[in-house]
Amino acid sequence: VGDTRLEAAVQQVQKEGVDVTVRYRPFMIDPRTKETGEDKQDYCRRRGWGGGWKPGPLKQWKWWPNTANAHRLCFYLEEIDSKTSGMSQKERDERGHSLMRKYYELTYDRDCNISTPEGAAQAIEELGYGSAADAVEWLQKGGGIREVNEFLRRAHHDDVHSVPHYSVKCGESDAESFSGAQDSRTFYQIFRSLLQ
């Protein structure tokens, strides 16, 4: 929900000639989620939300994912991209954004379980960024654990306690941080205020 609204605001300011980059950083809503994910209805009942909770326009989906492997593979993609000469930071950011959107698609539209190494690696292969087998092997060797833990530690230090959480920055200005799935008009107004 928040990502779609953010994307609408990004497209609007880009039409005005503003260069916008979106970067995703790891954050786990509930690190106590089982490593292999949980049936969404069971998870929601366990949390006291009832079995049918879902945000706004999303359909019911099957799995409540533990996103550790998905976050780790974001660092795998960064590793792959760093070895590709001539790729700009903007291109790397766009690939990272595509990977996150693929995780959303797999989870919310296709009922895939991205909690498992194989489930998370499916996104890498479907996007043509690499083979699922290589991504699973990288995960099995411990790739990305340190990086994800560092980002989670930093988020805790910065008092991030929910998703979506945004930090918007323009040039060398201080970042403006806020939480919640804002409407696209609010995102747009924040972008415009930072540009002044």
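See the structure above.
Residues numbered from 1 in each chain as written. Predicted model: local features only at pLDDT ≥ 70, side-chain atom pairs only at ≥ 80, totals over all residues. Heavy atoms only, no water.

Trainee: Where do I start with the environment of Ala121 in this structure?
Mentor: The residue Ala121 is located in helix H5 (residues 117-126) in this model. Sequence separation between Ala121 and Ala70 is 51 residues; the distance between their C-alpha atoms is 7.7 Å. Setting aside chain neighbours within four positions, we find Ala121 in contact with Leu73, Ala132, Ala135 and Val136. (Helix = DSSP H or I, 4+ residues; strand = E, 2+ residues; numbered from the N terminus. Contact = heavy atoms within 4.5 Å.)

Trainee: I keep staring at the pairing of strand S3 (residues 165-168) and nothing clicks. Help me out?
Mentor: Two faces, one strand: in a regular strand the side chains alternate between the faces of the sheet. Burial of S3 is one-sided: the residues Tyr166 and Val168 facing one way are buried, the residues His165 and Ser167 facing the other way are not. Summarising the sheet, S3 and strand S4 (residues 176-179) pair through four bridges and their orientation is antiparallel. By the bridge assignment for S4, Ser167 is matched with Ser177. (Buried < 20%, exposed > 50% of the residue type's maximum accessible area, 1.4 Å probe, protein only. Pairing = 2+ DSSP bridges.)

Trainee: Would you explain the packing of aromatic side chains in this entry?
Mentor: Each aromatic ring pair is specified by the distance between its two centres and by the angle formed by the two planes. Inspection of the entire model under this criterion finds nine aromatic pairs. Note on Tyr43 and Trp64: the rings are 4.4 Å apart at their centroids and 10 degrees apart in plane angle, and the pair reads as stacked. On the criterion of sequence distance, the pair formed by Tyr43 in helix H2 (residues 40-46) and Trp64 in strand S2 (residues 63-64) is long-range, its members being 21 residues apart. Exposure class is identical for Tyr43 and Trp64. Each is buried. For the pair Tyr76 and Trp138, a centre-to-centre distance of 5.0 Å together with 45 degrees between the ring planes defines the contact as tilted. Highlighted residues: Tyr76 in helix H3 (residues 68-82) and Trp138 in helix H6 (residues 132-140), separated in sequence by 62 residues. (Phe/Tyr/Trp six-rings, centres within 6.5 Å; stacked < 30°, edge-to-face > 60°.)

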